[in-house]
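Observations on the three-dimensional arrangement
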Amino acid sequence: MNWPEISIDDFPPRRDDEPSSLRQDIIDELSDHFACALNRELLKNSDEQLARQRVIQHFGDPIKIARQLWLDAMKEKIMSQRILTGISAVMAVCCIAVVGIAWSMMQESRAFNLQMLEQFKQAQEKSSAETSGELQPILFQLVQEGSEEQPAIGFEGTLSKGDGNNPVFTVEAISDKNGLLDFGKLPWGKYLLTLKAPWGESPQAELITTIPGRKFEQTIVCPAHAPEKVEVQFQVNWQNMPEEKNYLLCDFRHRVSISSNVSEQFALSSYQEIQGRRWVYSHDLDQESEGNVYLIDVENQRAVSCPLAADGSIKKFDVQQLDWHPTVKILQGVYHPPTIYLIAQHEFNKISEINSLSSTKGVRFNRGNLETISFMLPGQGAIISPFKKLSIDPALVINKTPTALKQIHGFIPDRPTHETYAATENQPNVWKINIPELFPVTLESGSLSSDR
């Protein structure tokens, strides 16, 4: 009995991955099961039609069962295909994302490359400008000390550019009504800047460096006015001063030689510190016939400007006719220690002989050892006994010959290198002068420094 009657066409459309014998195997198996079931029913009931109906009711529609069996057989393959399809879809999405990221990175890399190319181009242009000696402005803003909103007007400035010791060119300028010292546009490099106030005060020359392609600007604080005279008081501390009335002649000048064909002359300079710059003022001794050499009455602690001739030499004078005061007027500034001459009252009649004392022999301590030197006068900040030879402690001259010790009139104290005397506005200017024991000169004589 060939039942149920199921054909291959009763199944779903054939798939490429379906085994060729699957459908026939399912048909054969179902036919066998339904035949067995029908035979059992016929044993119970000889009516074949009724037996068929009972088998179908028990098992269901044979065609549906065949399709279900086919679907179960194909389910694993279908699920694997679905999974493969899902994975393929995910991989496709990932590939699209990777392509997008790669595109974005390519765009960023392109922008970065363009930026680097632009910077390289600018560097080339800058390098070209540097090698071609591009000119850039160099200017200074000059302001007054103590009132930095006020411009410093009329200051002369010079910029010198050199190649080693050989000057290439020099540019000069004068600060205008706004205090602007404009040197115009110049090549970049190193320059030596010098300044000069209208009254002649000048700082030390300063080296500046300009950068290629950049304007150079700098503010400089300058003196507000020329040095003015202020009151100064001398205080003398003289150890073991002789009993006779004594005076000190303090000469702040120093002797210089202009050239081999010109006789030696006197010079005097003072300075002031303004924001790290030392502004030096060279005194015009032709105009200042007085005010740089002072006579001090030690006993009465009073002083007076010493009368000087036009050539700077000391005049003869009557000490009783001098106009003594507790203070004297001195131009503002910082001064180095003066040359101090020790003069007894009975020696005033030959005080003009100091003019011929252009140099002398003296002694000083060098690391505790006494040494003899010769030096020009006035100068060295020495203490001079012009009319009396200094005596030396015998303990200090063991290795000295009589010739070396002949006519010693000067002693240079071992002063600190920074010792100065300052004359400033609105302050008590007390200049302290210490005279050590010089008759005789002892080791202790070199340990006393002048206080300002």
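Residues numbered from 1 in each chain as written. Predicted model: local features only at pLDDT ≥ 70, side-chain atom pairs only at ≥ 80, totals over all residues. Heavy atoms only, no water.

Quick notes on the state of the cysteines
Threshold: Cysteine sulfur atoms that pair up within 2.5 Å are treated as a disulfide.
Applying the stated criterion to the full structure yields zero disulfides. Lacking any disulfide linkage, Cys 95 is separated from the closest cysteine sulfur, that of Cys 94, by 7.0 Å.

Examining the pairing of strand β1 (residues 135-144)
We apply this condition: Think of it in three bands: with a 1.4 Å probe and only protein chains considered, a residue is buried below 20% of the maximum accessible area for its type, exposed above 50%, and partly exposed in between. Only DSSP runs of H or I covering at least 4 residues are called helices, and only runs of E covering at least 2 are called strands; the numbering of each starts at the N terminus. At least two bridges found by DSSP between two strands is the condition for calling them paired.
With seven of its ten residues buried, β1 lies for the most part within the structure. Pairing between β1 and strand β5 (residues 180-187): six bridges, direction antiparallel. When the sheet's bridge partners are listed, Pro 137 is paired in β5 with Lys 185. Across two bridges, the pairing between β1 and strand β2 (residues 147-151) is antiparallel. Looking at β2, one finds that Gln 144 is bridged to Ser 147. Between the antiparallel neighbours β1 and β2 lie two residues, among them Gly 146 with a positive phi of about 85°.

Brief notes about the sheet that holds strand β26 (residues 429-435)
The following threshold applies: Note on geometry: axes are C-alpha line fits, over the in-contact stretch for helices, and angles between N-to-C directions span 0 to 180 degrees.
A sheet is described by the order of its strands in space; here three strands give the open sequence β18-β10-β26, paired in mixed fashion. A strand with exactly one partner marks an edge of an open sheet, and here the two such strands are β18 (327-331) and β26. When the angles between neighbouring strand axes are averaged without regard to direction, this sheet yields 40°. Sheet topology places strand β10 (residues 229-238) next to β18; five bridges connect them, and they run antiparallel. The partner of Lys 229 across the bridge, within β18, is Leu 331.

Describing the packing of aromatic side chains
Selection rule: Stacked, tilted and edge-to-face are the three classes applied to pairs of Phe, Tyr and Trp rings, where Trp contributes its six-membered ring and a pair requires centres within 6.5 Å; stacked means planes under 30 degrees apart, edge-to-face means over 60, and tilted covers the rest. A positively charged side chain is recorded as over a ring if its NZ (Lys) or CZ (Arg) lies within 6 Å of the ring centre. The angle to the ring normal must also be within 35 degrees.
Applying the stated rule across the entire model yields 17 aromatic pairs. Here the aromatic cluster, defined as three or more aromatic residues joined through ring pairs, consists of Phe 234, Phe 252, Tyr 294, Tyr 335, Tyr 421 and Trp 431. Between Lys 161 and the ring centre of Tyr 191, over which it is positioned, the NZ or CZ distance is 5.0 Å. Between Arg 253 and the ring centre of Phe 266, over which it is positioned, the NZ or CZ distance is 3.8 Å.

What is shown is where atoms sit, not what they do.
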